[in-house]
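Residue-level listing of the chains:
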Amino acid sequence: MISLAGRDIAHSWGKFVLTGMGLGLLIGVTLTMAGVYRGMVDDAHALLNNSGADLWVVQKDTQGPYAESSSLKDDVVRSVRGMPGVAQAANVTYFTMQVQVADGDDTRAMVVGTESGQSGEPGYLVAGRQITRGHYEAVADVKTGFALGERIRIRRHDYTVVGLTQRMVSSGGDPMVFIALKDAQEAQFLKDNDAIQNDRTRTATNTAFNRPGVPGLLDAVQALQTSSHSVNAVLVQLAPGFGAEQVAEPIRRWKHLQVFTRAGMEEILVAKLIATSAKQIGMFLVILAIVSAAIVAFIIYTMTLGKIREIAVLKLIGTRNITIASMILQQALGLGLIGFIVGKVAATIWAPVFPKFVLLLTQDAFTGLIVTLAICALASTLAIRTALKVDPAAAIG
Amino acid sequence: MKQRPLVVRRIVIGILAVALVAALAFVALRTGPLAPIKVTVTSVQEGKLNPAIFGIGTVEARRSWMVGPTVAGRVLSVRVDVGDVVKAGQLLAEMDPVDLDQRLAALDAALARASSTQAAAQAQVTDAMARRELAALNAKRNQDLAAQNFISPGALESRLQEKASADAALQTAQANLSGTAQDITRQKAERAALQQQRGNVRLLAPANGVVTSRDAEAGSTVVAGQPVLRLIDPASLWVRMRVDQGRSAGLAPGLKARIVLRSQPRTALQGQVARVELLADAVTEERIAQIAFASAPAPSASAVSASVGELAEVELQLPETATALLLPNASIQRLQGQTGVWRLSEGKPAFSPVRLGTSSLDGRVQVLEGLKAGDSVVVYSQKALTEGARVQVVDALVKTAAGSAP
């Protein structure tokens, strides 16, 4: 028995392939949108993975350091180190700002202050080296576009980019720039020179601080105002054999600090921080999927309608209904398959060009394949119904 | 299209189908969980390190002075301004002496009066001596007369009493005289004291130096100890360097230093560690050392100038280490609290814990234990590696013009 579907496709293969390609691009867009959504969630997970922490110790009654601002004194880390079950604890600061390159362009980046050799440092590099000097060196994510040896400006100091890393992003997808903790503390809390001058003048006019009989008091107060010993969070690694909650509870209770476990942090990041934007993308994804399905159905339907005379002829020469139905179904599935492959390849090709991370999961692709074939099959039933109802006389008339 | 035989069409369709499937396979293998992680590797080699200590500091003057009055008062005049070079003993400023001059004049008058009193006392002594001489002659004469019984014993006693009185009167006069002399000494001492105070309102330069700040102007009132002027010795500029305690191993006096001032980032100045302070900063977790310049930069406008308070970056050269295995620090990873590297054995990464020694500022670090020379170790990777992950070794992950680490 000859394949009617194959013959029909061979007859007008150019049209068939072009239709499949068009369909494929539509499916590609849908897959990409799913990738954008997955990418957002993955950005949040990457942030947690890269920090290398099991527990996050932050200011009491805050949900810092990513979702809310949190401020701790930098000696809190010492008392946390003394708690049972804490293998390592490290100070860390995060702040998002515009980082300037030498020629004046600026890039939005999350500046992370880490202690050398402690968690929070970039876990792996793609070029260069880790920070060795205590000041004025930076390791940047390749997405920032910085090159090794480039001088970047954070607040009033120039930093040399000594290393590059990859996939180190904030929950918002901003690439990270790692600098030494002391530099970061200064950069985070340092005001610009005008503000410092204004503050000095303001303090000097306050007679409580500027007493004629107490020389040196004003200088001491001024010095106190410009120094900073705050950090945003303490990253804790657990000692082997201790559960996260088991270590977190005493810190919460006796140190009067908020402690988040990995699960709690994921909850904050995924369910709270990126919830609205993720829902936005998810909503768009749903609509796009429905629209794609409708378009696929209409394409197959109109394709069948275009062949209605030929089908009438087939019926006239006595072709069985089942043969006609299987021809339409095979064509629909073939179209769906071509569309899916083209879509998957297209999505993979254009995904890296996106400014934010697009994560194409294999399981998403499988779901996409099954849904595409299901929609094609469903749409073909509509076409089959029309085809079977056609009057053989239409072939002549 | 109609002209082409069916076979050709089938072949074309077949080729298209194969191409599509090939593209899908390529995409599936190059991305997602099936794709290998690209890494670069290096082999562990022996070598020597030139470790160094890096820190930042501020330019300070080793010798500085705050010149001010020892008692509260009003500034009368300030003779020098910021930047003036002053010599030791030069008059810098003067405090208002208020009534010191008048009190000096009063003391002078009192001294003159004391001299007059002394002259009067001297005259009284002379007078008493004359009276005593006369009384002595009279007594002698009356004694002779009494011996010949020419006069009554009563008359003699009267003369003897006169002589004794005259003696006493002389002693009184002499005591008065020495009293006036002591008075003069006292007055002179008081005058000298006042003179000292008068001199003290003149603020003199304690040493050769340069004026760095002028804190009070003529007419302003300052309390005791409050500076009117500040001086520094420009030849004594050095850098107060702060080093992270964790990176300060080997910090010692005498180490050669490379100093880069913030105002001259292209010029490196030579220096050496003059002093390592015994007290470290417990709050900032830093140690403090003083770095002297090899050739002192002048604070004024010259080829090499530094201003006090300027930020400086200091790099201290430590002696070269012994030969040991070396690795780039980018290859060092921390996994579950262990420090180690990803070693490639038979194309698969395996985590080997290592013990590290000193490291240099260019990013190389000594490996003391855990590796052999010639071992292949992963340096850069596209993402975090796991035990036995599929890897693909490439030359570089990022195309850079520089090529190697700066």
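Residues numbered from 1 in each chain as written. Chains lettered and ligands numbered in written order. Predicted model: local features only at pLDDT ≥ 70, side-chain atom pairs only at ≥ 80, totals over all residues.

A.B. asks: Which residues make up the overall build of chain A, and what values do they have?
C.D. replies: Broken down by element type, chain A carries 12 helices and 12 strands. Its C-alpha radius of gyration of 31 Å places chain A more than 25% over the 21 Å reference for a compact globule of 397 residues. Here the C-alpha coordinates of chain A stretch approximately 115 × 50 × 40 Å along the principal axes. Taking all 397 residues of chain A together, 43% fall into the buried category. Considering only contacts within chain A whose residues lie at least 6 apart along the sequence, 78% involve residues at least 24 apart. (Helix = DSSP H or I, 4+ residues; strand = E, 2+ residues; numbered from the N terminus. Rg over C-alpha atoms; globule rule 2.2 N^0.38 Å. Buried ≥ 20, exposed ≤ 12 C-beta atoms within 10 Å, placed from the backbone. Contact = placed C-beta atoms within 7 Å.)

A.B. asks: Any chance you could break down the overall build of chain B for me, citing the residues and the numbers?
C.D. replies: Secondary structure summary: chain B contains 3 helices and 24 strands in total. Each principal axis of the C-alpha atoms in chain B carries an extent, and together these give about 190 × 50 × 35 Å. Looking at chain B as a whole, 26% of its 406 residues qualify as buried. A separation threshold of at least 6 residues defines the contact pool for chain B, and within that pool the share at least 24 residues apart is 73%.

A.B. asks: Outline the sheet that holds strand β21 (residues 355-359) of chain B, supporting the account with residue identities and numerical values.
C.D. replies: Residues and elements named next belong to chain B. The 4 strands are arranged β2-β17-β22-β21 in an open sheet whose pairing can be described as antiparallel. What marks the edges here is a single partner per strand, and that holds for β2 (45-47) and β21. The mean inter-strand angle of the sheet, taken between neighbouring strand axes irrespective of direction, is 50°. Pairing analysis gives 3 bridges linking β21 to strand β22 (residues 364-369), with the strands arranged antiparallel. If you follow Ser359 over to β22, its bridge partner there is Val365. (Pairing = 2+ DSSP bridges. Axes fitted to C-alpha atoms, helices over the stretch in contact; angles between N-to-C directions.)

A.B. asks: I'd like a description of the nonpolar core, backed by residues and values.
C.D. replies: Core analysis: the largest hydrophobic core is formed by 123 residues, its most contacted members being Leu55, Trp56, Val57, Val111, Ala138, Val234 and Val236 of chain A. Grouped together as the second largest cluster of nonpolar side chains are 41 residues, Val80, Val201, Val222 and Leu269 of chain B included. (Core = buried A, V, L, I, M, F, W, Y, C linked by C-beta atoms within 7 Å.)

A.B. asks: An account of unusual backbone geometry is requested, with residue identities and associated values reported.
C.D. replies: Residues and elements named next belong to chain B. Its identity is not glycine, yet Glu285 carries a phi of approximately 55°, on the positive side. By secondary structure assignment, the location of Glu285 is in the loop between β14 (268-276) and β15 (286-293). If you check the backbone angles, Glu346 has positive phi at about 55° while not being a glycine. With respect to the helices, strands and loops of the structure, Glu346 is situated in the loop between β19 (338-345) and β20 (348-353). Since 5 C-beta atoms lie within 10 Å of it, Glu346 is described here as exposed.

A.B. asks: Explain the confidence of the model for chain B to me, using residue names and the numbers behind them.
C.D. replies: Residue and element names in this part refer to chain B. Confidence in the prediction of chain B, expressed as mean pLDDT, is 86, and 93% of residues score 70 or more. The least confident element of chain B is helix α1 (residues 6-30), whose mean pLDDT is 78; the most confident is strand β7 (residues 91-95), at 93. Throughout residues 401-406 the model reports pLDDT below 50, and contacts reaching past four residues in sequence, or to other chains, amount to 13 contacts. Reported confidences for the modelled complex are a pTM of 0.80 and an ipTM of 0.76. (pLDDT = per-residue confidence, 0-100.)

A.B. asks: Outline the pairing of strand β3 (residues 52-61) of chain B, supporting the account with residue identities and numerical values.
C.D. replies: Residues and elements named next belong to chain B. Burial of β3 is extensive: 8 of the 10 residues sit out of reach of the surface. The pairing of β3 with strand β16 (residues 311-317) spans 7 bridges and is classified as antiparallel. Its bridge partner being in β16, Gly57 is matched across the sheet by Ala312. The pairing of β3 with strand β12 (residues 237-244) spans 6 bridges and is antiparallel. Paired with Gly57 across the strands is Met241, a residue of β12.

A.B. asks: Go over the sheet that holds β16 of chain B with me, naming the residues and quoting the values.
C.D. replies: Residues and elements named next belong to chain B. Taken in spatial order, the 6 strands line up as β3-β12-β15-β14-β13-β16 and close into a barrel, and their pairing is antiparallel. Taken pair by pair, the neighbouring strands of this sheet meet at an average axis angle of 40°, ignoring direction. With 5 bridges connecting them, strand β13 (residues 256-261) and β16 associate as antiparallel partners. By the bridge assignment for β16, Ile259 is matched with Val314.

A.B. asks: Break down the interface of chain B and chain A for me, citing the residues and quoting the values.
C.D. replies: Many structure descriptions define interface size as the accessible area lost when the parts assemble. With 42 residues of chain B at the contact, the number on the chain A side is 39 residues. Sorting the residues of the side of chain B that touches chain A by element identifies α1, β3 and β23 (376-381) of chain B as the ones contributing at least two each. Top element by residues in the side of chain B that touches chain A is α1 of chain B. It accounts for 9 residues. Considering only residue class, the side of chain B that touches chain A consists of 23 nonpolar, 14 polar and 5 charged. (Nonpolar A, V, L, I, M, F, W, Y, C, P; charged D, E, K, R; others polar.)

A.B. asks: Any details on helix α9 (residues 275-306) of chain A? Residues and values, ideally.
C.D. replies: Residues and elements named next belong to chain A. Taking 1.5 Å of rise per residue, 32 residues should cover 46 Å, and α9 covers 46 Å from first to last C-alpha, within 8% of that figure. Within α9 the residues assigned to the buried category are Ser292, Val296, Ile299, Ile300, Met303 and Thr304. Check the buried side of α9 and you find it contacts α2 (13-51), α11 (321-350) and α12 (362-389). (Expected span 1.5 Å × (residues − 1).)

A.B. asks: Please set out the packing of helix α5 (residues 193-205) of chain A against helix α6 (residues 217-226) of chain A residue by residue, giving values where relevant.
C.D. replies: Residues and elements named next belong to chain A. Between α5 and α6, whose axes approach to 10 Å, the crossing angle comes to 140°. Helix-helix and strand crossings are classified by hand; for α5 and α6 the assignment is right-handed. Along the contact surface, α5 presents Ile196, Asp199, Arg200, Thr203 and Ala204, while α6 presents Leu218, Val221, Gln222, Gln225 and Thr226. (Left-handed = near helix turned anticlockwise from the far one by under 90°.)

A.B. asks: Lay out the environment of Ile154 of chain A in plain terms, naming residues and giving numbers.
C.D. replies: Residues and elements named next belong to chain A. Within the secondary structure, Ile154 is located in strand β7 (residues 151-154). Residue classification places Ile154 among the buried positions, given that 24 C-beta atoms sit within 10 Å. Residues Ile154 and Tyr136, 18 residues apart in the sequence, show an inter-C-alpha distance of 9.5 Å.

A.B. asks: Go over the environment of Val161 of chain A, please, and point to the residues and values.
C.D. replies: All names here are of chain A. Inspection of the secondary structure assignment puts Val161 in strand β8 (residues 157-165). In this structure the C-alpha to C-alpha distance between Val161 and Gly149, which are 12 residues apart in sequence, comes to 5.1 Å. Those residues within four positions of Val161 in sequence are excluded, and the remaining contacts are Ala138, Ala140, Phe146, Ala147, Leu148, Gly149, Glu150 and Ile152.

A.B. asks: Give a detailed account of the environment of Gly68 of chain B, specifying residues and quantitative values.
C.D. replies: Within the secondary structure, Gly68 of chain B sits in the loop between β4 (64-67) and β5 (73-78). Each C-alpha atom, one on Gly68 of chain B and one on Val223 of chain B, is 8.8 Å from the other, the two residues being 155 residues apart in sequence.

A.B. asks: Before we move on, could you go through the confidence of the model for chain A and cite the residues and values that matter?
C.D. replies: In this model, chain A carries an average pLDDT of 86, and 98% of its residues clear a pLDDT of 70 or more. Across chain A, the element-wise mean pLDDT spans from 71 in helix α1 (residues 4-11) of chain A up to 94 in strand β12 (residues 258-261) of chain A.

A.B. asks: Run through the packing of helix α2 (residues 100-147) of chain B against helix α3 (residues 153-200) of chain B, naming residues and quoting values.
C.D. replies: Residues and elements named next belong to chain B. At their nearest, the axes of α2 and α3 sit 7 Å apart, and the two run at 165° to each other. For the element pair α2 / α3, the angle class is roughly antiparallel. Regarding α2 and α3, the two cross each other, and that crossing is left-handed. Broken down by class, the residue content of the contact of α2 with α3 amounts to 26 nonpolar, 14 polar and 13 charged. (Parallel < 35°, antiparallel > 145°, perpendicular 65-115°, else oblique.)

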